[in-house]
Amino acid sequence: MLKRRFVQCLTSVVVLVGLSACAVAPKPAVTTAAEQFQRSGRFALSVDNADGKKDAVQGGFQWSQTAHQLQLDLNNPMGAILARVVVTTQGAMLQYPDGQVEYASSPDALVEQLIGYVIPVEGMRDWLQGQTGAGSVSELKMEQGKPSYFQQDGWRVRMQRYDDAGPRLLQMNRNQAQQSISVRVVVDY
């Protein structure tokens with residue numbers, strides 16, 4: 001069953017995925033500009049259940065990634081902090097503004113632990129940068145040398161409106177037992 005509170009936090013990414021009022025994770029030793037990747041924007045997540053129930057949430061995100069750490073800050077449409085997700089080689093942590101913390105071995109495992117199904121946070125690390133990632137890919141379509149559509153790990157992924165860092169529009173859909181999941185990510189910068 002989908003936990004409403006986490007869905008609000010997740011509306012992320014997915015795609016899976018911390019905010020400034022939450023605890024700060026340790027910073028990596030030294031990174032160069034080439035090792036850093038940042039994106040900020042909006043997301044919408046909707047889940048259609050076979051029993052006719054629908055869940056939907058939307059909000060904003062700040063994605064900050066280095067070679068050693070991924071930090072995802074999530075907020076609601078009014079800008080209020082919902083959660084911070086921090087991923088390191090040791091695992092994944094989700095912290096709510098009230099200080100409650102959830103841990104798992106990976107971001108995908110964290111999401112599955114909290115809501116009962118997988119959102120492709122790991123995949124989004126590559127997808128937000130315009131790459132297909134390490135998993136098996138089918139139905140790959142390219143436009144101007146960049147992936148525009150493919151299927152990977154049960155997700156149908158569409159990437160559009162590229163800038164120098166990657167796609168500015170990312171749409172992910174998945175049909176699974178009793179649910180249809182749709183995630184839309186719009187990158188503002």
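Described below are features of the structure shown in this document.

Scoring rules and cut-offs
Residues numbered from 1 in each chain as written. Predicted model: local features only at pLDDT ≥ 70, side-chain atom pairs only at ≥ 80, totals over all residues. Heavy atoms only, no water. Salt bridge = Lys/Arg side-chain N within 4 Å of Asp/Glu carboxyl O. Helix = DSSP H or I, 4+ residues; strand = E, 2+ residues; numbered from the N terminus. Buried < 20%, exposed > 50% of the residue type's maximum accessible area, 1.4 Å probe, protein only. Pairing = 2+ DSSP bridges.

1. Quick word on the pattern of salt bridges
Okay, so step 1: One pass over the full model with this rule turns up five salt bridges.
Okay, so step 2: Between arginine 42 and aspartate 188 there is a salt bridge, with its nearest N and O atoms 2.9 Å apart. On the criterion of sequence distance, the pair formed by arginine 42 in strand E1 (residues 37–49) and aspartate 188 in the segment after strand E11 (179–187) is long-range, its members being 146 residues apart.
Okay, so step 3: Residue class for aspartate 188 comes out partly exposed when judged on its relative accessible area of 34%.
Okay, so step 4: With a shortest N-O distance of 4.0 Å, aspartate 48 and lysine 54 are connected by a salt bridge.
Okay, so step 5: Given a relative accessible area of 62%, lysine 54 falls into the exposed group.

2. Focus: the pairing of E1
Okay, so step 1: Relative to strand E2 (residues 54–65), E1 is paired through 12 bridges, and the arrangement is antiparallel. Opposite serine 46, over in E2, you have alanine 56 as the bridge partner.
Okay, so step 2: Here E1 folds back onto E2, and the loop between the two strands holds four residues, one of which, glycine 52, carries a positive phi near 95°.
Okay, so step 3: Here E1 pairs with E11 via nine bridges, running antiparallel. Within E11, the position partnered with alanine 44 by the bridge is arginine 184.

3. Considering the pairing of E2
Okay, so step 1: For E2 and strand E3 (residues 70–75), the ladder comprises six bridges, and the chain directions are antiparallel. Bridging across to E3, glutamine 62 finds its partner in aspartate 73.
Okay, so step 2: Two successive antiparallel strands, E2 and E3, enclose a turn made up of four residues.

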